[in-house]
Amino acid sequence: MLNFSTDDVAPRDRFEQWREVRSRGLFGVTIEVPAERRAAFEGSFRAERFGTAVVSHIAASAYVIRRTEADIARVAGNSLCLGLQVRGPGRLDTGSGRSEMIANGDMIINHSDLPYDATPGTDGGFQFRMLKIPVTDELTLGRSVTDLVAARPLEGSRTLRPLRALLDVLTSSKRASADPERDIAHIALLGLAARGRLPDSLPEVRGAIRAGLRYLALDIMAAQYHQIDLTPALVARSLGLSVRHLHMLFEDAENTFSRTLMLMRVGEAQRLLITQPDLTVSQVAYASGFESLATFYRVFRNVYGIAPGDARQAS
């Protein structure tokens, strides 16, 4: 894991250190800040490996950033980059008259070794998250992506929701991925389909769409599992899917929809038993989403091998 900030650098040296050591040497970009704002410059950066990919987070004062031919020659990557502009809108120019505004929350997809200019729209600083995936023919299904200039996904693509869900999972601490390499392959396929490089009818892309939608279903389940009346029909309706389609999302997962929901509930019950000693076992069961005590006792024993009361005493 790589982690650094300007906090340990003298204010007068922060911008120069960030520009020369970090931006040029590590990021492979050229940055500029007006002279009168350099004394107030600050920034932080964190990167960690996620399977074969790298997840990075950057937050800094606003600056103009360029990836020039000289930068690319010095720090090449041959990677597919999927980014999220968390905060700090601006204009992205990739040459040949291609220019577009990037707003807060926009995704950007590109090959790492192509030039661009990005100009901030405000002086309020920015936050950016990125997943950088080394390119292979297997990953791209043999399609060339070396000409994939930085741009937002195509409007109206049915891959957008699952793509955003996977990007959220893989670039935040929201939820750990059960299978990093599979999810990396899925998000690469979704990114390429969202840019029009792969048809979404391909079996591989359809599988990636299911994976992303499954994470959206998991979000709903994680937020509402304690509700006794949470059913597959309610989750499916929230996603705009049929119940049959919802269950299909979990066919490639470790557990079915029903077992996943049950494990969420019994895990919460086990936590409450230990951390909330004033709650009765019945209160724990109903607070965790179980509709009957008999079901709760049976499920808890099947998962943990002991009765709920014994689990509380053992803690």
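Keep in mind that this is a model prediction, so the values were computed, not measured. (Residues numbered from 1 in each chain as written. Predicted model: local features only at pLDDT ≥ 70, side-chain atom pairs only at ≥ 80, totals over all residues. Heavy atoms only, no water.)

**Q** Please explain the packing of helix 6 (residues 203-224) against helix 9 (residues 257-275) as it appears in this structure.
**A** The geometry of a pair of packed helices is captured by two quantities: the angle between their axes and the separation between those axes. Close contact between helix 6 and helix 9 brings their axes to 10 Å; oriented N to C, the two are set at 35°. As helix 6 runs across helix 9, the sense of the crossing is right-handed. Side by side, helix 6 and helix 9 meet where Leu218, Met221 and Ala222 of the first sit next to Phe257, Thr260, Leu261 and Met264 of the second. (Axes fitted to C-alpha atoms, helices over the stretch in contact; angles between N-to-C directions. Helix = DSSP H or I, 4+ residues; strand = E, 2+ residues; numbered from the N terminus. Left-handed = near helix turned anticlockwise from the far one by under 90°. Contact = heavy atoms within 4.5 Å.)

**Q** Is there a simple way to think about the pairing of strand 11 (residues 126-134) in this case?
**A** Both faces of the sheet carry side chains from a regular strand, because those side chains alternate between them. Here strand 4 (residues 53-60) pairs with strand 11 via 7 bridges, running antiparallel. Bridging across to strand 11, Ala60 finds its partner in Phe126. Pairing of strand 6 (residues 79-87) with strand 11, which is carried by 8 bridges, proceeds in the antiparallel orientation. The residue of strand 11 that forms the bridge with Gly83 is Met130. (Pairing = 2+ DSSP bridges.)

**Q** Help me understand the sheet that holds strand 9 (residues 107-111) in this model?
**A** Backbone-to-backbone hydrogen bonds pair the strands of a sheet. The strands run either parallel or antiparallel. If you trace the 6 strands from one edge of the open sheet to the other, you get 1-3-4-11-6-9, paired in antiparallel fashion. Only two strands of the sheet have a single neighbouring strand rather than two, namely strand 1 (2-5) and strand 9. Here the strands of the sheet are splayed against their neighbours by 15° on average, with no regard to which way each runs. Bridge count between strand 1 and strand 3 (residues 43-50): 4 bridges; the pairing is antiparallel. If you follow Asn3 over to strand 3, its bridge partner there is Arg46.

**Q** I would appreciate a short explanation of the nonpolar core in the present structure.
**A** A general trend in soluble globular proteins is that nonpolar side chains are found buried together. Judged by nonpolar contacts, the single largest core of 51 residues is most densely connected at Ile133, Ile187, Val235, Leu239 and Leu246. The residues contacting Leu246, other than those within four sequence positions of it, are Ala217, Pro232, Val235, Ala236, Leu239 and Phe257. One finds Val29, Ile31, Ile58 and Ile102 within the second-largest nonpolar core, a separate group that totals 22 residues. (Core = buried A, V, L, I, M, F, W, Y, C linked by side-chain atoms within 4.5 Å. Buried < 20%, exposed > 50% of the residue type's maximum accessible area, 1.4 Å probe, protein only.)

**Q** Honestly, helix 9 in this entry has me stumped. Any pointers?
**A** Two residues of an α-helix separated by three or four positions point the same way, owing to the 3.6 residues in each turn. With 19 residues, helix 9 ought to run about 27 Å at 1.5 Å a step, and its terminal C-alpha atoms sit 27 Å apart, in line with that. Tucked inside the fold, the buried residues of helix 9 contact helix 6, helix 7 (232-239), helix 8 (243-249), helix 10 (281-287), helix 11 (293-304) and helix 12 (308-314). (Expected span 1.5 Å × (residues − 1).)

**Q** Sorry, what's going on with unusual backbone geometry here?
**A** The phi angle of most residues is negative, glycine excepted, and most peptide bonds adopt the trans form. Positive phi is not limited to glycine here, since Asn78 has a value of about 45°. Among the secondary structure elements, Asn78 is positioned in the loop between helix 2 (69-74) and strand 6. Here Asn78 falls in the partly exposed class, since its relative accessible area comes to 35%. Phi is positive for Leu141, which is not a glycine, with a value near 55°.

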